[in-house]
Each structure stands twice: as structure tokens, then as C-alpha cells.
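So the chains spell out like this:
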Amino acid sequence: MSETDDPIAAETVLVAGSHGQVGQHVTEQLAAREEYHTRAMVRNDGQVEEMESMGADIDAVVADLTDSLEHAVDGCDAIIFAAGSGGEDVYGVDRDGAIRLVDAAADAGIDRFVMLSSMGADDPDSGPDPLQDYLTAKAEADEYLRESELSHTIVRPGELTTESGTGEIRVGTDFDLGDGDIPREDVATVLVGVLEYDDLIGETFELLSGDESIDAALESLAEAGADAT
């Protein structure tokens with residue numbers, strides 16, 4: 001915020017996949033915070049009114065990850081990628097769509113990019129057969145983001161559930177598929193929360209339900225990242 005607390009100075013955050021199950025939580029949480037203006041990216045006109053009804057400071061933009069994204073990213077300060085194909089087009093959306101958005105962000109001069117990935121993306125071949133293409137797509141999108149010049153954070157949750165968030169998690173870098181799960185609401189809280197930590201730039205971490213508050217877990221992770229540099 002500016003010294004005069006002018007709300008126009010709020011950072012504009014584009015939520016890709018805002019109509020999805022994680023994306024809706026992200027959109028609602030951003031809209032509840034004064035420091036952000038939320039741009040909800042949706043795939044069709046019929047979703048605009050629904051998304052804008054979630055908060056007074058939300059505007060929706062119709063854009064497709066398989067097409068031009070220039071108008072969607074224009075004027076944004078940060079991006080949270082929470083989109084997914086639901087297994088229908090993992091290479092076209094989960095990989096190439098993410099890559100296209102990374103390129104659009106770079107072209108628009110947007111520095112901050114938070115990627116929703118997946119546990120198991122570090123070793124797709126070790127995942128169950130039905131998930132290997134998805135994990136490969138996520139791995140390749142993650143790697144493309146890492147090789148970009150964007151200030152990025154990659155969040156890799158375990159199995160997602162529809163249960164209400166608990167606000168308590170555990171983070172790490174060496175969990176295995178099957179080690180646990182996490183409510184989508186808590187994943188969204190983490191995706192929004194990492195925007196507050198410059199020391200999480202360049203970090204990739206895994207995420208499960210646990211017994212540490214989200215704020216405390218992110219603070220500890222950020223401190224570890226700062227110490228490592």
C-alpha cells in the first residue's frame with residue numbers, strides 16, 4: 001500500500017484457474033485482503049458473474065490457456081497458477097498452458113509467479129501409471145518456470161481433499177506419494193501466503209496436512225531459505 005493507503009495501489013494478482021476448486025478458494029482469500037486486487041481468469045463468459053460475486057474487489061477476465069493471454073496479464077503484479085485440465089489435456093493445459101502463462105508474464109514484465117504443482121513431479125516415473133503423464137506435464141512446467149527469470153515459488157501438495165481447511169500443515173522436500181493428503185482450502189491459503197515472503201522466491205516445497213500453523217510453517221521455511229543464501 002502507498003503512504004496514503006490508497007486502495008488503487010493494491011497489487012493486482014491474476015488467478016489462473018479461478019473457477020476451479022483450489023482457484024475459488026484462492027480468489028476468495030485474495031479478495032478478503034486489502035493489499036490485493038484480484039483478477040479472476042475464467043474460460044467462458046458464463047463464469048464471469050459468479051466469480052465477481054465472490055468479492056467487491058474482483059474482476060474477471062475471459063482467457064484460455066491454449067490461446068493468447070496478453071490481455072489477461074496486462075496490468076498485473078503477480079500470478080497464481082491454480083489451473084488444471086482435470087486429466088483431460090495434461091500436456092495442453094497443465095504443461096503448455098502453464099508455459100504459455102510464464103511467457104506472457106515475462107513479456108508483460110510481471111515478476112512474481114506462484115505455481116500450483118503436485119507431489120511426485122520430482123520423479124514422475126515413480127508415480128502410479130494413471131498419474132505419470134500428469135506428473136510429467138507438471139514436472140516440465142515447473143522446470144520451465146525455474147529456468148525463466150521470474151521470481152517464482154512452486155508448491156507441490158499431496159492428494160487434495162474437499163474437507164474444510166484446518167489451517168495446519170507440514171512442509172518438506174522429500175515426502176512420498178501416499179504420505180498424506182491436504183484440503184484444497186489449505187493449499188489455497190499457502191498459495192496466497194507465499195506472496196508475503198521474498199525468501200520463498202526460488203523455492204520448491206511439498207505440502208501435506210500437519211500440526212503446524214500455516215503462518216508458522218511458511219515463516220520457518222522462509223527463514224531456512226534466507227539462511228541458505
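## A closer look at the overall build of the protein chain
Part 1 of the reasoning: Counting its secondary structure elements, the protein chain contains seven helices and eleven strands.
Part 2 of the reasoning: Projected onto its principal axes, the C-alpha coordinates of the protein chain cover approximately 45 × 35 × 35 Å.
Part 3 of the reasoning: Looking at the protein chain as a whole, 48% of its 229 residues qualify as buried.
Part 4 of the reasoning: Intrachain contacts of the protein chain at a sequence separation of at least 6 include 68% that bridge at least 24 residues.
Part 5 of the reasoning: With the model as given, the accessible surface of the protein chain reaches about 10,800 Å², and the carbon-plus-sulfur share is 41%.
Part 6 of the reasoning: If the 11 positive side-chain charges of the protein chain are averaged to one point and the 55 negative ones to another, these points end up 5 Å apart.

## What about the sheet that holds strand E6 (residues 151-157)?
Neighbouring strands of a sheet are bound in pairs by backbone hydrogen bonds; such pairs are parallel or else antiparallel.
Part 1 of the reasoning: With respect to topology, nine strands assemble into an open sheet ordered E3-E2-E1-E4-E5-E6-E10-E8-E11, the strand pairing being mixed. Unpaired on one side and paired on the other, strand E3 (58-62) and strand E11 (212-213) mark the two borders of the sheet.
Part 2 of the reasoning: Where strand E8 (residues 168-172) meets E11, two bridges bridge the pair, whose relative direction is antiparallel. Within E11, the residue paired with Glu-168 across the bridge is Ser-213.
Part 3 of the reasoning: Contacting strand E1 (11-16), strand E4 (78-81) and strand E5 (112-116), helix H4 (residues 90-108) crosses the sheet at an angle of about 180 degrees to E4.

## Remarks on the nonpolar core
Part 1 of the reasoning: Core analysis: the largest hydrophobic core is formed by 30 residues, its most contacted members being Val-26, Leu-30, Ile-80, Val-190 and Leu-191.
Part 2 of the reasoning: Of all the elements in the fold, those that place two or more residues in this core are E1, helix H1 (21-31), E4, E5, helix H6 (184-193), strand E10 (204-209) and helix H7 (214-228).
Part 3 of the reasoning: If we skip the residues at most four places from it in the chain, Leu-30 touches Val-13, Val-15, Tyr-36, Thr-38, Ile-80, Val-192 and Leu-195.
Part 4 of the reasoning: Among the nonpolar cores identified, the runner-up in size contains 26 residues, and Phe-81, Ala-104, Ala-141 and Leu-150 belong to it.

## A short note on a negative patch on the surface
Part 1 of the reasoning: Judged by side-chain charge, Asp-122, Asp-123, Asp-125, Asp-174, Asp-176 and Asp-179 come together as a negatively charged surface patch.
Part 2 of the reasoning: By secondary structure assignment, the location of Asp-179 is in the loop between E8 and strand E9 (181-183).

## Structural notes on the confidence of the model for the protein chain
Part 1 of the reasoning: Summarising the model, the protein chain shows a mean pLDDT of 94, and 95% of its residues fall at 70 or more.
Part 2 of the reasoning: Of the regions scoring below 50 in pLDDT, residues 1-8 engages in six contacts with residues more than four places distant in sequence or in other chains.

Rules used throughout
Residues numbered from 1 in each chain as written. Predicted model: local features only at pLDDT ≥ 70, side-chain atom pairs only at ≥ 80, totals over all residues. Heavy atoms only, no water. Helix = DSSP H or I, 4+ residues; strand = E, 2+ residues; numbered from the N terminus. Buried < 20%, exposed > 50% of the residue type's maximum accessible area, 1.4 Å probe, protein only. Contact = heavy atoms within 4.5 Å. Areas by Shrake-Rupley, 256 points an atom, 1.4 Å probe, with all protein chains shown as cover. Lys, Arg positive; Asp, Glu negative; His and termini not counted. Charge placed at Lys NZ, Arg CZ, Asp CG, Glu CD. Pairing = 2+ DSSP bridges. Axes fitted to C-alpha atoms, helices over the stretch in contact; angles between N-to-C directions. Core = buried A, V, L, I, M, F, W, Y, C linked by side-chain atoms within 4.5 Å. Patch = residues over 30% accessible without salt bridge, like charges linked within 9 Å, V, L, I, M, F, W, Y side chains within 5 Å. Salt bridge = Lys/Arg side-chain N within 4 Å of Asp/Glu carboxyl O. pLDDT = per-residue confidence, 0-100.

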